[in-house]
Amino acid sequence: MKRLKTFTDERGSLTVAETGKDLPFEVKRAYWIYGVPEGHERGKHANRITYQYLVAVKGCVTIALEDKDGRRTYVLDAPDKGLLIPPLTWNELLHFSEDAVLLVLSSQPYRPEMYINSYEEFLRIIHE
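None of the values given here were measured: they were computed from a predicted structure.

1. Re the sheet that holds strand β6 (residues 52-58)
With antiparallel pairing, five strands are arranged side by side in an open sheet as β1-β9-β6-β11-β4. Lying at the two open borders of the sheet, with one neighbouring strand each, are β1 (2-3) and β4 (29-34). Here two bridges tie β1 to strand β9 (residues 81-85), and the two strands are oriented antiparallel to one another. Each residue of the ladder has a partner; that of K2, found in β9, is G82.

2. Details of the confidence of the model for the protein chain
Here the protein chain averages 95 in pLDDT, and 100% of its residues register 70 or above. Of all helices and strands in the protein chain, the one with the weakest mean pLDDT is β1 (90), whereas strand β7 (residues 61-67) scores best (98).

3. Quick look at the packing of aromatic side chains
According to the stated counting rule, one finds five aromatic pairs in the structure shown. Members of the aromatic cluster, each reached through a chain of ring pairs, are W90, Y119 and F122.

4. Concerning the pairing of strand β5 (residues 42-47)
Here β5 runs beside strand β10 (residues 90-96); their pairing, made up of three bridges, is antiparallel. Directly across from G43, in β10, lies its bridge partner E92. Pairing analysis gives two bridges linking β5 to strand β12 (residues 115-116), with the strands arranged antiparallel. When the sheet's bridge partners are listed, N47 is paired in β12 with Y115.

5. Quick word on the environment of H95
Considering the arrangement of structural elements, one finds H95 in strand β10. Put simply, H95 and C60 are 35 residues apart on the chain and 8.0 Å apart in space, counted from C-alpha to C-alpha. Once you skip the residues sitting within four places of it in the chain, H95 turns out to touch C60, V61 and T62.

6. Examining the environment of L84
For L84, the location among the structural elements is in strand β9. Between the alpha carbons of L84 and V55 there is a distance of 9.3 Å; along the sequence they are 29 residues apart.

7. Looking at the nonpolar core
One finds L54, V61, I63, L76, L93, F96 and L102 to be the most contacted residues of the largest nonpolar core, which totals 16 residues. Elements that contribute at least two residues to this core include exactly β6, β7, β8 (70-76), β9, β10 and β11 (101-106). Of the residues forming this core, the biggest block, three residues, is contributed by β7. Among all residues touching F96, those that are not within four sequence positions of it are I33, V36, R42, C60, V61 and L102.

8. What to know about the pattern of salt bridges
Enumeration over the complete set of coordinates arrives at twelve salt bridges. A salt bridge links R71 to E66, with the shortest nitrogen-to-oxygen separation between them at 3.7 Å. The class for E66 is buried, based on a relative accessible area of 11%. Ionic pairing is found between R72 and D67, a salt bridge with its closest N-O pair at 3.1 Å. Note on R72: relative accessible area 30%, which makes it partly exposed. Each member of the salt-bridge network shares a partner with another, and the members are E66, R71 and E92.

What counts, and at which threshold
- Residues numbered from 1 in each chain as written.
- Predicted model: local features only at pLDDT ≥ 70, side-chain atom pairs only at ≥ 80, totals over all residues.
- Heavy atoms only, no water.
- Pairing = 2+ DSSP bridges.
- Helix = DSSP H or I, 4+ residues; strand = E, 2+ residues; numbered from the N terminus.
- pLDDT = per-residue confidence, 0-100.
- Phe/Tyr/Trp six-rings, centres within 6.5 Å; stacked < 30°, edge-to-face > 60°.
- Contact = heavy atoms within 4.5 Å.
- Core = buried A, V, L, I, M, F, W, Y, C linked by side-chain atoms within 4.5 Å.
- Buried < 20%, exposed > 50% of the residue type's maximum accessible area, 1.4 Å probe, protein only.
- Salt bridge = Lys/Arg side-chain N within 4 Å of Asp/Glu carboxyl O.

Next up, the structure:
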């Protein structure tokens, strides 16, 4: 997890994520997830070639990531915290606060064939 550069004065705060500095990819798709009911989870997949960068622009989201080196859990609870998800990383969006808005910046447009939706297939691929 990384703190993004933030500028704050009497007018409020502005947080920046720049390609080449904070993002190791050119953004080709942006979307946001919100209104997730209590107890529901999202994600539960990996991407074959896509990088993603997540920011909870509002509220709090708990995220579990798994790759060949193991499983880690992160809490995005401020709009200046960003989390990079490289390709071949299983992600589970485990808990959303009621007011959470999760921004996702992606290196690729949506292509369903680039997703790994089976945890068993993911494990097979990363341990080959």
